[in-house]
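Given next are the chains, with one letter for each unit.
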Amino acid sequence: MSTVTTTVPSVRASHQPVPDARLRFTGVLRSEWIKLTTLRSTLWAYAILVLVQVGMGVIFVLASDGFASAPGAANQAAVLPSTLGIMLGQLVISVLGVLVISGEYGTGQIRSSLTAVPKRLPVLWAKALVFGVTSFVVGLVAVFAAYAVTWPMLDARGVTSDISDPALWGSLVGGAGYLALIGLLAYFLGAVLRNTAGGIAAALGLLLVVPTVLSFIQADWITVIGQWLPGVVGQSLFLGSEIFEPWQAVLVMLGWIAVVAIPAAILLKRRDA
Amino acid sequence: MIEATSLTKRYGAKTAVDSIDFAVRPGQVTGFLGPNGAGKSTTMRMIVGLDRPSAGRVLVNGKPYAEHAAPLREVGALLEAKAVHTGRSARNHLRSIAATHGIPRRRVDEVIDLTGLHSVAGKRVGGFSLGMGQRLGLAAALLGDPATLILDEPVNGLDPEGVLWVRGFVRQFAAQGRTVLLSSHLMSEMALTADHIIVLGKGRVIANATVAEIVGSTQTFVRVRSPRIDEVARRLTQPDVTVTSVDADVIEVRGLPADVIGDAALSVGVALHELTTVQGSLEDAYMNLTRDEVEYRTTVTPDAALAEGIAR
């Protein structure tokens, strides 16, 4: 506390301390990586994500019986226990997505961030890229860990899946992709609202409340809207769907993200920090 | 060099900064003075682009702050203590800022040592005192070895040694030909640190001059104490001389030097117990300048309230 330098030290060392320092996007990416990985909340959220994914897969296998054991159906059957945890994991990743940006506003950190990067938008995009890629990688770890843990349990019941089947590993990769995309949607909601409570309410509302409310309304066009909601569309990435091919589902998800990211960018440029 | 031209900031109907022009020159310490709500912080925030001006502009070394290739090398700003995520350690906070500009790790360690944060650099910022937060803010401002320093209330919350350190530091910084703009509520601190002062009131520049000029604008007066003060006062009465009674045996005289007053007392045969020339302080000058500009005035002084309480 009282580490006070009593003599005034030299302001500038004899050498140039930062000879070729300048602002670059790669530097902003590095900065965002440091910020993401030096907070306990990040590490906790990712740890919970993996645990939930594995845990729910195990519980599901233990609780159910009568898996199809036909050769093609086995691969199909292995998808559900590996990706079931996403139902809970999507909530964890959404909360984290909101927090990585709303935490900066809540603490005042944003003013340090924007003073270092006064053009502002590089911060928004770099944070999205770092958070999106990290979440995808952690999502992959979580889903494949769930597959690895549940495989011997299913194998013991004669349900022997083969990971080299593109339909199988495609679904697992799709599940990780869904987690990353839904996390990004929550992140941009947080960037628009700049508030943790509001951002989490909006993200979870879009995932949980809106589909339920829409299901109460008996009208064909409402049903169609319900099929286009991000949480519903995204399921076709790992569970398959009769409406969307996986690549179409990715496009719809990206559309949702763009709808929130564009106002987030405009507001970040315009508003006082 | 910082140049503001017709710089204006409005929040709805309220004008926080009202079309101000000023220049902050290198090689000296420029102080920003003004009561709460005068627009000091808003102006500083506009310099580094945190607030958008409603009109006018402000340039740093000829360009808007955001247009520089290496903003942190142009300006180091400490605008509020703890503009930091509370869950991150001081060192990691500095590393994250340094990374944006590719500033090496060695420089991060340098500013940690420079600001005396070494023993707490690994601790999370949430537990920092205000003074520690100020030191961390200063460390962040120095990361880019900037040409200009902007410090909003830098000694707020610092211990006396820290205050002394900041004072010496900014003086030395300016002596190297760099630019320093700092604000403070502590007039005495400003008198010791600044060379040039810009006084803001209600969003306008109400004075922009050297410390010597501003102090010189206040009148000096002579305090005279005597058991027969009335006789002295009567002897001194003449045009252009103001005599103010401040106590039963004390008067303040404006318009005459001490030697003339002493001679006058002798001529009426009165002994003086005190004869002191009082130089106006920066604080007096500041109070005079901002008398009409204070937005949040304390209407009842503590003394008056106390006296009233005793009278009951």
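Residues numbered from 1 in each chain as written. Chains lettered and ligands numbered in written order. Predicted model: local features only at pLDDT ≥ 70, side-chain atom pairs only at ≥ 80, totals over all residues. Heavy atoms only, no water.

Per an unreviewed UniProt entry, chain B is named ABC-2 type transport system ATP-binding protein, and its organism is Herbiconiux ginsengi. For chain B, the Sequence similarities (unreviewed entry) comment in UniProt is given as "Belongs to the ABC transporter superfamily." (UniProt positions renumbered as here; feature names shortened; annotations may be inferred.)

Under an unreviewed UniProt entry, the name given to chain A is ABC-2 type transport system permease protein, and the organism recorded is Herbiconiux ginsengi.

(A) Fine view of the overall build of chain A. Scanning chain A from N- to C-terminus turns up 11 helices and zero strands. C-alpha extents for chain A along the principal axes are approximately 80 × 45 × 35 Å. Among the 273 residues that make up chain A, the fraction classed as buried is 49%. Across chain A, every contact between residues at least 6 apart in sequence was considered, and the portion connecting residues at least 24 apart equals 82%. Total accessible area computed for chain A in this model is approximately 12,300 Å², and 70% of it derives from carbon and sulfur atoms. The average position of the 15 basic charges and that of the 11 acidic charges among the side chains of chain A differ by 25 Å. (Helix = DSSP H or I, 4+ residues; strand = E, 2+ residues; numbered from the N terminus. Buried < 20%, exposed > 50% of the residue type's maximum accessible area, 1.4 Å probe, protein only. Contact = heavy atoms within 4.5 Å. Areas by Shrake-Rupley, 256 points an atom, 1.4 Å probe, with all protein chains shown as cover. Lys, Arg positive; Asp, Glu negative; His and termini not counted. Charge placed at Lys NZ, Arg CZ, Asp CG, Glu CD.)

(B) Geometry of the pairing of strand β10 (residues 221–225) of chain B. All names here are of chain B. Where β10 lies against strand β13 (residues 274–278), five bridges are found, and the strand directions are antiparallel. Across the sheet, Arg 225 pairs through a bridge with Glu 274, a residue of β13. Direction of pairing for β10 relative to strand β12 (residues 250–254): antiparallel, over a ladder of four bridges. Across the sheet, Arg 223 pairs through a bridge with Glu 252, a residue of β12. (Pairing = 2+ DSSP bridges.)

(C) The arrangement of the confidence of the model for chain A in detail. All names here are of chain A. For chain A, per-residue confidence averages 90 on the pLDDT scale, and 91% of positions sit at 70 or higher. Of all helices and strands in chain A, the one with the weakest mean pLDDT is helix α3 (residues 71–83) (84), whereas helix α1 (residues 25–37) scores best (98). pLDDT under 50 marks residues 1–15. Its contacts with residues more than four places away, or in other chains, come to 34 contacts. (pLDDT = per-residue confidence, 0-100.)

(D) Local environment of the packing of aromatic side chains. As enumerated under the stated definition, the model contains eight aromatic pairs over all chains in all. Members of the aromatic cluster, each reached through a chain of ring pairs, are A:Trp125, A:Phe131, A:Tyr187 and A:Phe188. Geometry around B:Phe173 places B:Arg178 over its ring, the cationic atom sitting 4.5 Å from the centre. (Phe/Tyr/Trp six-rings, centres within 6.5 Å; stacked < 30°, edge-to-face > 60°. Lys NZ or Arg CZ within 6 Å of the ring centre and 35° of its normal.)

(E) Here's a closer look at the packing of helix α3 (residues 90–100) of chain B against helix α5 (residues 130–142) of chain B. All names here are of chain B. Packing of α3 against α5 leaves a shortest axis separation of 10 Å and a crossing angle of 25°. Comparing the axis directions of α3 and α5 gives the class roughly parallel. Of the two elements, α3 crosses α5, and the hand of that crossing is right-handed. From α3, Ala 90, His 93, Leu 94 and Ile 97 reach across to α5, where they touch Leu 136, Ala 139 and Ala 140. For the contact of α3 with α5, the per-class residue count stands at six nonpolar, one polar and no charged. (Axes fitted to C-alpha atoms, helices over the stretch in contact; angles between N-to-C directions. Parallel < 35°, antiparallel > 145°, perpendicular 65-115°, else oblique. Left-handed = near helix turned anticlockwise from the far one by under 90°. Nonpolar A, V, L, I, M, F, W, Y, C, P; charged D, E, K, R; others polar.)

(F) Molecular detail of the layout of surface pockets. Size it by volume and the largest pocket reaches roughly 450 Å³. Along its surface, the largest pocket is lined by 19 residues, and A:Pro118, B:Gly49, B:Arg52, B:Pro64 and B:Ala66 are the ones closest to its centre. Taken together, the elements giving at least two residues each to the lining of the largest pocket come down to α1 (40–47) and β4 (55–60) of chain B. The element best represented in the lining of the largest pocket is β4(B), accounting for four residues. Residue composition of the lining of the largest pocket, grouped by class: 10 nonpolar, two polar and seven charged. (1 Å grid on protein atoms, 1.4 Å probe; cavity = no way out; pocket = protein on both sides within 12 Å on 5 of 7 lines; lining within 4 Å. Points joined across faces, edges and corners; volume = space filled by probe spheres on them.)

(G) Looking closely at the domain arrangement of chain B. Parsing chain B into structural domains produces domain 1 (2–216) and domain 2 (221–279). Look at where the C-alpha atoms of domain 1 of chain B and domain 2 of chain B centre, and you get two points 46 Å apart. (Domains from an automatic or database assignment.)

(H) Summary view of the UniProt feature "transmembrane region" (unreviewed entry) in chain A. All names here are of chain A. In the numbering used here, UniProt assigns the "transmembrane region" (unreviewed entry) feature to residues 43–63, 83–103, 124–147, 167–189, 201–229 and 249–268. Helix and strand shares over residues 83–103 are 90% and 0% respectively, and the end C-alpha atoms of the span are 29 Å apart. Between the C-alpha atoms that bound residues 249–268 the distance is 28 Å, and the span itself is 100% helix and 0% strand.

(I) Structural view of empty space enclosed by the protein. One pass over the structure, following the stated rule, counts seven cavities of 30 Å³ or more. Reported here for the largest cavity is a volume of approximately 240 Å³. Lining of the largest cavity is provided by 19 residues; of these, A:Ser112, A:Thr115, B:Ala77, B:Ala83 and B:Ala140 occupy positions nearest its centre. At the level of secondary structure, the elements contributing two or more residues to the lining of the largest cavity comprise α5 (109–116) of chain A together with β5 (75–78), α3 and α5 of chain B. The residue makeup of the lining of the largest cavity, split by class, is 12 nonpolar, four polar and three charged.

(J) A look at the packing of α5(A) against α3(B). Two elements in contact, α5(A) and α3(B), have axes whose closest approach is 9 Å; the angle formed by their N-to-C orientations is 25°. On the basis of the axis angle, α5(A) is roughly parallel to α3(B). In this structure, the crossing between α5(A) and α3(B) has a hand that is right-handed. Contacts between α5(A) and α3(B) pair A:Gln109, A:Ser112 and A:Ala116 from the former with B:His93, B:Ile97 and B:Thr100 from the latter. Here the contact of α5(A) with α3(B) is built from residues that sort into two nonpolar, four polar and no charged.

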